[in-house]
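For reference, the chains in residue letters:
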Amino acid sequence: MRRDTPFRIASMTKPVLAAAALMLAEDDRIDLEEPIAKVLPELAAPRVLRRLDGPLDDTVEAVRPITVADLLTFTCGFGQVMDGDRFDPPFPIVDAWRDLGLIMSDPYPRNQHDPDEWIRRLGTLPLMRQPGETWMYNAGTLVLGVLLARAADQPLDELLHERVLAPLGMTGTAFWLPAERAAELPAYYMSAGDERRDSGPDLWSTPPIFPSGSGGLISTADDYLAFGRLLLSGGVAGGTRLLSEQSVAAMTRNHLTPAQIEGAGSLLGGEGWGYGMCVTATGRYGWSGGFGTDWFNDPAEDLTVILLSQVSDLLWNGALQEFSRLAYAAD
């Protein structure tokens, strides 16, 4: 391990995407309250399942269109299905998105459909819930990545580089790396030290067909620190304002109702959700990555905490809580 070792940051991609979305909103390229159908006509007239576990043709009309804000808050009506302690059980809607190759839950294997084909296929399915009703994980930022690229009229990787990564000097952050840098990725492990080779360097040394705004980025400690400090400083980096204070405040405050938080289950653990990240009652905000990474800012302590591993078990074995305790003790 070195200071510039690259890591698969998975869902820590989501806050970076949210920042880009707010930048486009400030430029009037998108409007958070407008229907996404303005940019994504494939999702213009969604139907909604009458029952989450019901047949795909048993639907009702959507009570309102999906907005850009719904994508950012994960209340767009589509996402990971939690049925008790089961994730994505074999309900007809889950089987359908799997059959279509939409890769809704996991960052890998990579999606093999380009963004236009991916969104077309998604548009053939009904929503799982009414727009604005329920917090459902992950799908919102997949759709948001397609929307931002269309709104900016440039591929998502170019958009993120131009608006976020380059201004912050995040030279080690991208959806793919040259082969010599990809070879430096640590091996990925999950459960009892079993090495997982299905996300090896070869996968990361070529540009993805579908750049995932939900979990596709690689980054380094110093790069993500630059992003964290951007938000902690209220949108200013190196004396240049990249985001307004109002946009940072919108990203980092809770947008969910108590009922939505309760319905989110173990993924939120009773906490709130801003734009692309978790928000606690104390004002701390951030998010983890499924390959074994974590980040949060605590504005009250002027503190940024980043943990980079490639061991998924850290997300549930108590390591994150212990690391957080040690970080506050050292501050």
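In short, a report on the structure. Predicted model only: the values in this text are computed from it and were never measured. (Residues numbered from 1 in each chain as written. Predicted model: local features only at pLDDT ≥ 70, side-chain atom pairs only at ≥ 80, totals over all residues. Heavy atoms only, no water.)

A word on the overall build of the protein chain
Part 1 of the reasoning: A count of helices and strands for the protein chain gives 12 helices and 15 strands.
Part 2 of the reasoning: For 331 residues, the compact-globule estimate of 2.2 N^0.38 gives 20 Å, and the C-alpha radius of gyration of the protein chain, at 19 Å, lies within 12% of that figure.
Part 3 of the reasoning: Taken along the three principal axes of its C-alpha coordinates, the protein chain extends 55 × 45 × 35 Å.
Part 4 of the reasoning: Look at the contacts in the protein chain between residues 6 or more apart in sequence, and 70% of them connect residues 24 or more apart. (Helix = DSSP H or I, 4+ residues; strand = E, 2+ residues; numbered from the N terminus. Rg over C-alpha atoms; globule rule 2.2 N^0.38 Å. Contact = heavy atoms within 4.5 Å.)

Notes on the packing of helix α1 (residues 13-26) against helix α5 (residues 139-152)
Part 1 of the reasoning: Here α1 crosses α5 at 35°, and the two axes come no closer than 10 Å. The interaxial crossing formed by α1 with α5 has left-handed handedness. Facing K14, L17, A20, A21 and L24 of α1, the residues of α5 in contact are T141, L144, G145, L148 and A152.
Part 2 of the reasoning: A breakdown of the residues in the contact of α1 with α5 according to their chemical character gives seven nonpolar, two polar and one charged. (Axes fitted to C-alpha atoms, helices over the stretch in contact; angles between N-to-C directions. Left-handed = near helix turned anticlockwise from the far one by under 90°. Nonpolar A, V, L, I, M, F, W, Y, C, P; charged D, E, K, R; others polar.)

A word on the pattern of salt bridges
Part 1 of the reasoning: Inspection of the entire model under this criterion finds 17 salt bridges.
Part 2 of the reasoning: Between D4 and R2 there is a salt bridge, with the nearest N and O atoms lying 3.1 Å from each other.
Part 3 of the reasoning: Classification of R2 by relative accessible area gives partly exposed; the value is 48%.
Part 4 of the reasoning: As a salt-bridge pair, D70 and R64 come within 2.7 Å of each other at their nearest N and O atoms. (Salt bridge = Lys/Arg side-chain N within 4 Å of Asp/Glu carboxyl O. Buried < 20%, exposed > 50% of the residue type's maximum accessible area, 1.4 Å probe, protein only.)

Looking at the nonpolar core
Part 1 of the reasoning: If you look at the biggest cluster of nonpolar residues, it comprises 79 residues, and the most contacted ones within it are I30, F78, W118, L148 and F227.
Part 2 of the reasoning: Those residues in contact with F227, other than ones at most four positions away along the chain, are P15, V16, A19, V164, L168, M170 and W295.
Part 3 of the reasoning: F74, Y137, A264 and C278 belong to the second largest nonpolar core, which has 10 residues in total. (Core = buried A, V, L, I, M, F, W, Y, C linked by side-chain atoms within 4.5 Å.)

Quick look at the packing of aromatic side chains
Part 1 of the reasoning: Evaluated as defined, the whole model comprises 14 aromatic pairs.
Part 2 of the reasoning: Every member of this aromatic cluster is reached through a ring pair, and the members are F74, W135, Y137, W273 and W287.
Part 3 of the reasoning: Between R8 and the ring centre of F291, over which it is positioned, the NZ or CZ distance is 5.9 Å.
Part 4 of the reasoning: The lysine or arginine in question, R284, covers the ring of F296, its NZ or CZ lying 3.5 Å from the ring centre. (Phe/Tyr/Trp six-rings, centres within 6.5 Å; stacked < 30°, edge-to-face > 60°. Lys NZ or Arg CZ within 6 Å of the ring centre and 35° of its normal.)

Description of the environment of M128
Part 1 of the reasoning: On the secondary structure map, M128 appears in the loop between α4 (115-122) and α5.
Part 2 of the reasoning: On the accessibility criterion, M128 (1% relative accessible area) is buried.
Part 3 of the reasoning: Each C-alpha atom, one on M128 and one on L52, is 5.8 Å from the other, the two residues being 76 residues apart in sequence.

Description of the environment of E180
Part 1 of the reasoning: Summarising the element assignment, E180 is placed in helix α7 (residues 179-182).
Part 2 of the reasoning: In the structure, E180 is positioned 143 residues away from F323 in sequence and 31 Å away in space, judged by C-alpha atoms.

Re the environment of M190
Part 1 of the reasoning: Locating M190 in the fold gives a position in the loop between β6 (188-189) and β7 (195-196).
Part 2 of the reasoning: Expressed as a C-alpha distance, the spacing of M190 and E61, which sit 129 residues apart in the sequence, is 42 Å.

Concerning helix α3 (residues 92-99)
Part 1 of the reasoning: Along α3, the positions that sit buried rather than exposed are I93, V94, A96 and W97. Projected down its long axis, α3 carries its buried residues within an arc of 160°, all on one side.
Part 2 of the reasoning: Taken from the residues just after α3, G101 is the one with a positive phi, measuring 70°. (Arc of directions from axis to C-beta.)

Quick notes on the side chain of S247
Part 1 of the reasoning: For S247, the position within the fold is in helix α10 (residues 245-251).
Part 2 of the reasoning: With sequence-adjacent residues up to four places away left out, S247 is seen in contact with L22 and E26.

Things to note about the side chain of Q130
Part 1 of the reasoning: When you line up the elements, Q130 lands in the loop between α4 and α5.
Part 2 of the reasoning: In terms of polar contacts, Q130 uses its side chain to reach the backbone amide nitrogen of V63, at 2.8 Å. (Polar contact = N/O pair within 3.5 Å; in protein donor to acceptor, adjacent residues only side chain to side chain.)

Looking at the pairing of strand β13 (residues 285-289)
Part 1 of the reasoning: Across the five residues that make up β13, a large majority, five, are buried.
Part 2 of the reasoning: Here β13 shows two buried faces, one formed by Y285, W287 and G289 and the other by G286 and S288.
Part 3 of the reasoning: Bridge count between strand β12 (residues 278-279) and β13: two bridges; the pairing is antiparallel. Across the sheet, the residue bridging to C278 is G286, located in β13.
Part 4 of the reasoning: Taken together, β12 and the strand that follows it, β13, pair antiparallel across an intervening segment of five residues, in which G283 is found at a positive phi of about 95°.
Part 5 of the reasoning: Direction of pairing for β13 relative to strand β14 (residues 293-298): antiparallel, over a ladder of five bridges. Looking across to β14, one finds that W287 is bridged to W295. (Pairing = 2+ DSSP bridges.)

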